[in-house]
Amino acid sequence: MKVIPLFKNESHLISRAVKNNREAQRHLYEKYSGKMLSVCRMYIKDLHHAEEVMLTGFFKVFTHLQDFKSEGSFEGWIRRIMIRESISFLRVQKDMEFREEPIEDGGDCLNNVQEEIDAEHIQQLIDEFPEGYKVVFVMYAIEGYKHQEIATMLNINIGTSKSQLFKARKMLQEKLELQNIAGYGTK
Amino acid sequence: MGRNRIEDQFKEKLIHREIAPSAGSWEKLSGQLNSEKKKGKPIIWWIGIAATLIGAIFISGLIYNNNYQPDNAPIVETPTKEIKELPTITEPAESKKGVSERIANENKIFKEKPSSGRNKSTTILKPKTDAGLVENAPFPIISDKTSNMQITSTVTPVQKEETIEQEVSKIMGNDPAIASEMNIIMAEIAQLERNNGKIEDAEINALLSKAATQISKHRQERLASEKIDAEALLWDVEMDMEDSFREKIFEVMKEGYLKARTAVVNRNN
């Protein structure tokens, strides 16, 4: 039995979802909810809170779907909404602090990870960062934002963004060395 | 500060990661979307109603402005009747000289026509109460140009006498001093007629002057005793003026208001 898809492609899904077609919206939700929850989880330690933020993000996606101009990928557009919602959540929780600290010379390059490290382990390492370090590290290292974009979104200076990243990398290095994962100095 | 390989490895592991949401998450989101949909409709209704009301008020204002045409003509009080009548003695604030002059003018109509041999064109109009009034007395032609009483109509003598009698009655009725002096004069004239047989004009003039003096004296006495209420005078004048002007303004405003109200009601229906 051949299953005939109800919607031909994503653009068709999106056009129906704009008209408040609940079925189309459900399809989009099921397609992207897993990835978006992962995005929120990178910033928010508690999974329950991360899911709530993800639902808030999807609510804004479907109520402002007419604003999507189809200039970039739909996934990238949803992702940006999720990151903004996660940062707003952390601001409300008042967990985020950005301290202006001088950048120390050297030690800003992490060595390769010698052992296979899974995503869960990486997430655990990131969760141990202070909120300010974690947000900047995730936005720069994982999401690929530039310091200028990070400074604008977090309303901080570019220097603060750089120093936060430096501190995060230093802390990560120390943790990896403690766990004997990074082969520091063996090269 | 560039990227390093650990970060690339982290990115590769995390960027494709998926975490399955809890079971009822879609239902929760769907409920939020449904409530948002319901909330949106009344707002649109209220916006529509508000826009309709604003439009109706705007249109009614335009209609009112178009229909309301201010009366550019000056509001002028026109007298209700021609001022060609005998003056009435009602102003107590007259000067002594003015009073005397006016009384002298008025009393010209009371000049007696001689019983015979006189061809003067003046005659005395006796008061109505006087039994000796001659019905067929010649038509009184008062040719004194300084007088205010010029009879220019072409009524018959009898009708003219009646008009003059009415005016005389009015004058006498308004001021008792005049009435009393007139009675005194008539009595003296009658006495002179009995004594001398005929009366000279000079004697009549002397009697009239004396009467005028007495009347003005009575008036001065009355003025001194009477209190003039300036407020009442002003109020009377103001009410007379205001009634007509104010009524006109109210009428115009009332018409405009009713028209605007009708337009709004029709628009809403």
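What counts as what
- Residues numbered from 1 in each chain as written.
- Chains lettered and ligands numbered in written order.
- Predicted model: local features only at pLDDT ≥ 70, side-chain atom pairs only at ≥ 80, totals over all residues.
- Heavy atoms only, no water.
- Helix = DSSP H or I, 4+ residues; strand = E, 2+ residues; numbered from the N terminus.
- Buried < 20%, exposed > 50% of the residue type's maximum accessible area, 1.4 Å probe, protein only.
- pLDDT = per-residue confidence, 0-100.
- Contact = heavy atoms within 4.5 Å.
- Axes fitted to C-alpha atoms, helices over the stretch in contact; angles between N-to-C directions.
- Parallel < 35°, antiparallel > 145°, perpendicular 65-115°, else oblique.
- Left-handed = near helix turned anticlockwise from the far one by under 90°.
- Core = buried A, V, L, I, M, F, W, Y, C linked by side-chain atoms within 4.5 Å.
- Nonpolar A, V, L, I, M, F, W, Y, C, P; charged D, E, K, R; others polar.
- Salt bridge = Lys/Arg side-chain N within 4 Å of Asp/Glu carboxyl O.
- Phe/Tyr/Trp six-rings, centres within 6.5 Å; stacked < 30°, edge-to-face > 60°.
- Arc of directions from axis to C-beta.
- Buried area = accessible area lost by both parts, 1.4 Å probe.
- Polar contact = N/O pair within 3.5 Å; in protein donor to acceptor, adjacent residues only side chain to side chain.

1. Focus: unusual backbone geometry
Note on backbone geometry: most residues besides glycine have negative phi, and most peptide bonds are trans. Residue and element names in this part refer to chain A. The phi angle at Asn20 is positive, at roughly 65°, despite the residue not being glycine. Relative to the helices and strands, Asn20 is located in the loop between helix H1 (10–18) and helix H2 (22–43). Located in the positive-phi region is Asn155, a residue other than glycine, with phi close to 60°. Relative to the helices and strands, Asn155 resides in the loop between helix H7 (147–154) and helix H8 (158–178). Taking relative accessible area as the criterion, Asn155 reaches 68% and is therefore assigned exposed.

2. Quick look at the confidence of the model for chain B
Residues and elements named next belong to chain B. Looking at chain B as a whole, the pLDDT averages 69, with 51% of positions reaching at least 70. Element-level pLDDT for chain B is lowest in helix H3 (residues 96–107), with a mean of 56, against a maximum mean of 87 in helix H1 (residues 5–15). Low confidence marks residues 110–155, where pLDDT is under 50. Its contacts with residues over four positions away, or in another chain, come to 73 contacts. Across the predicted assembly, pTM comes out at 0.49 and ipTM at 0.83.

3. Looking at the packing of H1(A) against H2(A)
Residues and elements named next belong to chain A. As a packed pair, H1 and H2 sit with axes 8 Å apart at the nearest point and diverge in direction by 125°. With respect to H2, the element H1 is oriented oblique. In this structure, H1 meets H2 at a crossing whose hand is left-handed. The residues of H2 that touch H1, namely those facing Glu10, Leu13, Ile14, Arg16 and Ala17, are Ala24, Gln25, His27, Leu28, Lys31 and Tyr32.

4. Quick notes on the nonpolar core
In this structure, Tyr43(A), Phe62(A) and Phe74(A) are the most contacted members of the largest nonpolar core, which totals 64 residues. By residue number, the principal contributor to this core is H2(A), which donates 10 residues. Counting nine residues, the second largest nonpolar core, distinct from the first, contains Ile185(B), Ile189(B), Leu208(B) and Ala211(B).

5. Describing the environment of Arg261(B)
Residues and elements named next belong to chain B. Structurally, Arg261 can be placed in helix H7 (residues 230–268). On the accessibility criterion, Arg261 (45% relative accessible area) is partly exposed. Along the backbone, Arg261 and Ser60 are 201 residues apart, and their C-alpha atoms lie at a distance of 7.9 Å.

6. Here we look at the packing of helix H6 (residues 131–142) of chain A against H7(A)
Residue and element names in this part refer to chain A. In the contact formed by H6 and H7, the axes pass within 10 Å of each other and the chain directions differ by 140°. Between H6 and H7, the interaxial angle falls into the category oblique. Relative to H7, H6 is oriented so that their crossing is right-handed. Residues Val135, Val136, Met139 and Tyr140 of H6 form the contact with H7, whose own contacting residues are His147, Ile150, Met153 and Leu154. Class assignment for the residues of the contact of H6 with H7 results in seven nonpolar, one polar and no charged.

7. Notes on the pattern of salt bridges
Residue and element names in this part refer to chain A. If you walk through the whole model with that rule in mind, you get 12 salt bridges over all chains. Ionic pairing is found between Glu23 and Arg26, a salt bridge with its closest N-O pair at 2.5 Å. Within this pair, Glu23 and its partner Arg26 are both found in helix H2, separated by three residues, close to a single helical turn.

8. Re the packing of aromatic side chains
Applying the stated criterion across every chain, the model contains eight aromatic pairs over all chains. Ring geometry for Tyr29(A) against Phe58(A): centres 5.0 Å apart, planes inclined by 70°, an arrangement best described as edge-to-face. With Tyr29(A) in helix H2 and Phe58(A) in helix H3 (residues 47–63), this residue pair connects regions lying 29 residues apart in the sequence. Of the two residues, Tyr29(A) and Phe58(A), neither departs from the other in class, the shared state being buried. Grouping aromatic residues by their ring pairs yields a cluster made of Tyr29(A), Phe58(A), Phe62(A) and Trp26(B).

9. Some points on H1(B)
Among all positions in H1(B), only Ile6(B), Glu7(B), Phe10(B), Leu14(B) and Ile15(B) are buried. Along H1(B), the residues classed as buried sweep out an arc of 145° about the axis, all on the same side. Looking at H1(B), the residues exposed on the side facing more than 90 degrees away from the buried face are Arg5(B) and Glu12(B). Elements in contact with the buried residues of H1(B): H2, helix H4 (74–93), helix H5 (119–127), H6 and H8 of chain A.

10. Description of the interface of chain B and chain A
Contacts between chain B and chain A engage 29 residues on the former and 44 residues on the latter. Buried surface at the junction of chain B and chain A, summed over both partners, amounts to about 3600 Å²; 62% is from carbon and sulfur atoms. The tally of links from chain B across to chain A stands at one salt bridge. Between Glu7(B) and Arg169(A) there is a salt bridge, with its nearest N and O atoms 2.3 Å apart. Here chain B is connected to chain A by seven residue pairs in polar contact (both at pLDDT 80 or more). When contributions to the side of chain B that touches chain A are tallied by element, the ones reaching two or more residues are H1 and helix H2 (25–67) of chain B. Top contributing element to the side of chain B that touches chain A by residue count: H2(B), with 10 residues. Partitioned by chemical class, the residues of the side of chain B that touches chain A number 11 nonpolar, eight polar and 10 charged.

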